[in-house]
Amino acid sequence: MSDVKHRLSVFLEFVEIQTKIISFFPMLLGFLWSAYHYHRFNWLNAIVFFLGALFFDMCTTAINNTMDYLKAIDTDYRDNDNVIGREGLDKRYMIGTIFTLLGISLVFSITLVFLTDPMLLFIGAFLFAIGISYTFGPVPISRTPFSEIASSGAMGFGIFYLGIYMANYPYILSSDWSWGSVTVNLNWMELLQIIFMSVPIVTLTANIMLANNTRDLDTDIKNKRYTLVYYIGRKNAVLLYHTLGVIAWTTWLIFIIFGLIPWWGLFAFIGLIPFIALSKRYTRLVGRSEAFPQSLLQFGLFSILYALTLIISLLVEA
């Protein structure tokens, strides 16, 4: 029994299960916005999408840990910090886990295409390409200054968008296929609104990656991993971190002013008190491992307030 628990523990660390909150909240918010704004929700599509996204997220994390291990120059990091070196995982385990997770994700994703619209195949392929190239290849995106943009775009916007798309594809993006021709129907106004509603999640997702790269700066330099923090420095990275937090809350106020969410969304600003406290704590701890969890707490705090506002709105309108 203890061996089974150890194997499970190693697997969960290999796929970094604790970070999956990053994809869960944008998905939940997409589902809630779909129910609130469009008054539509599809349980089957939502469950299939959740499982497909979860397994793909675990797959990309497993690839990332594998690439970090294989490309590591710092032997101390490779043998003691990376779960692969520390646990002595063999190549067959790594490759087998990655392809199993990818295969399961593909099954759910293709099923979802049949449940919705063929356009999802192209959207999904694009997001799959970002996810794989983020962690795999000669120069993975995660090892470049573009990691924050790629991750926040795919996770913060992409998953939020798909959470809405699951039940509303005929009104957002759909297609009509006939012999020799394809007609694509795109509602630009709805797309722009979805982009705008995702801004706080995008900025706070970027902050998670920024905090991660700020924490790992010294190790990344040793392993020739040149992220955005390497180019702008820790001081400017902290300034950018706080700026992105301000953008999230400013956008929330704009939501209320323009009536995108009800006036009681103002009560969410009570969350600014712990949010600012976490920001100050992050600044004090920058460069230490304890700083990174502050970004996850801020992301979770804002996401919960966003979700509660939409849930209350749904209950009031019911």
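Each chain has its residues counted from 1, running along the sequence as written. Residue-level local features of this predicted model are given only where pLDDT is at least 70; pairs of side-chain atoms are given and counted only at 80 or more, and the full residue set underlies all totals for whole chains, interfaces and linings. Think of the side-chain values as coming from all heavy atoms in the structure, minus any hydrogens and water.

Section: the environment of Ala35
For clarity, the cut-off: Counting from the N terminus, the helices are DSSP H or I runs at least four residues long and the strands are E runs at least two residues long. Any pair of residues with heavy atoms lying within 4.5 Å of one another is described as a contacting pair.
Relative to the assigned elements, Ala35 resides in helix H2 (residues 21-38). Once the C-alpha coordinates of Ala35 and Leu89 are considered, the two residues, 54 residues apart in sequence, prove to be 44 Å apart. Setting aside its immediate chain neighbours within four residues, Ala35 contacts Arg40 and Leu314.

Here's the deal with a nonpolar patch on the surface
As a reminder, the rule being used: Patch membership is restricted to residues that have no salt bridge and whose relative accessible area is over 30%. Joining uses 9 Å for like charges and 5 Å for the nonpolar side chains Val, Leu, Ile, Met, Phe, Trp and Tyr. Calculation of accessible area relied on Shrake-Rupley with a 1.4 Å probe; when residues are assessed, cover is drawn exclusively from the protein chains displayed. Salt bridges are counted wherever a side-chain nitrogen of Lys or Arg sits within 4 Å of a carboxyl oxygen of Asp or Glu. Partly exposed describes any residue whose relative accessible area lies between the buried limit of under 20% and the exposed limit of over 50%, with all areas from a 1.4 Å probe on protein chains only and scaled to the type maximum.
A cluster of nonpolar side chains, contributed by Leu121, Phe122, Trp177, Val182, Val184, Leu186 and Trp188, occupies part of the molecular surface with about 720 Å² of accessible area. Among the elements that line the nonpolar patch, the one with the most residues is strand E2 (residues 181-186), at three residues. Since its relative accessible area comes to 48%, Phe122 is described here as partly exposed.

A closer look at unusual backbone geometry
Although it is not a glycine, His39 sits at a positive phi angle of roughly 60 degrees. Inspection of the secondary structure puts His39 in the loop between H2 and helix H3 (43-71).

Regarding the packing of helix H12 (residues 228-257) against helix H14 (residues 292-317)
The condition that has to hold: To obtain each axis, a line is fitted to C-alpha atoms, and for helices this fit is confined to the stretch in contact; angles are then taken between N-to-C directions over 0 to 180 degrees. What sets the label is the angle itself: under 35 degrees gives roughly parallel, over 145 gives roughly antiparallel, 65 to 115 gives roughly perpendicular, and the rest give oblique. Any residue that is not Ala, Val, Leu, Ile, Met, Phe, Trp, Tyr, Cys, Pro, Asp, Glu, Lys or Arg is counted as polar, Gly included; the first ten are nonpolar and the last four charged.
Following both chains from N to C, one finds H12 and H14 inclined at 5 degrees, their axes separated by 12 Å at the closest point. Considering the angle they form, H12 stands roughly parallel to H14. On the side of H12, the interface is formed by Tyr241, Ala248, Trp249, Trp252 and Phe255, while H14 contributes Gln294, Ser295, Gln298, Phe302, Leu305, Tyr306 and Thr309. A per-class count over the contact of H12 with H14 returns eight nonpolar, four polar and no charged.

Regarding the side chain of Ser152
Quick note on the threshold: What qualifies as a polar contact is a pair of N or O atoms within 3.5 Å, subject to a donor-acceptor requirement within protein and to the restriction that residues adjacent in sequence count only when both atoms come from side chains.
Assignment of secondary structure puts Ser152 in helix H8 (residues 147-172). Of note is the side chain of Ser152, whose polar atom sits 2.6 Å from the backbone oxygen of Glu148. Residues in contact with Ser152, not counting those within four places in the same chain, are Phe157, Val202, Thr205 and Ala206.

Examining helix H9 (residues 188-197)
Given 3.6 residues per turn, any residue in an α-helix points the same way as the ones three and four places further on. Basically, it comes down to this: The arc in question is formed by the directions pointing from the helix axis toward the C-beta atoms.
Along H9, the residues that are buried comprise Glu190, Leu191, Ile194 and Met197. All buried residues of H9 project into a common sector of 130 degrees when viewed along the axis, lining one side. Turned more than 90 degrees off the buried face of H9, the exposed positions are Trp188 and Met189. Taken together, the buried residues of H9 touch H2, H8, E2, helix H10 (199-215), H12 and H14. The opening residue of H9, the one whose side-chain oxygen lies 3.2 Å from the backbone nitrogen of Met189, is Asn187.

Section: the pairing of strand E1 (residues 173-178)
Where we set the bar: Strand pairing requires that DSSP identify at least two bridges connecting the strands.
With six bridges connecting them, E1 and E2 associate as antiparallel partners. Bridge pairing in E2 places Asp176 opposite Thr183.

Examining the pattern of salt bridges
According to the stated counting rule, one finds four salt bridges in the structure shown. Taking the shortest distance from any N to any O, the salt bridge between Arg288 and Glu290 comes out at 3.6 Å. Take Glu290: its relative accessible area is 35%, and that puts it in the partly exposed class.

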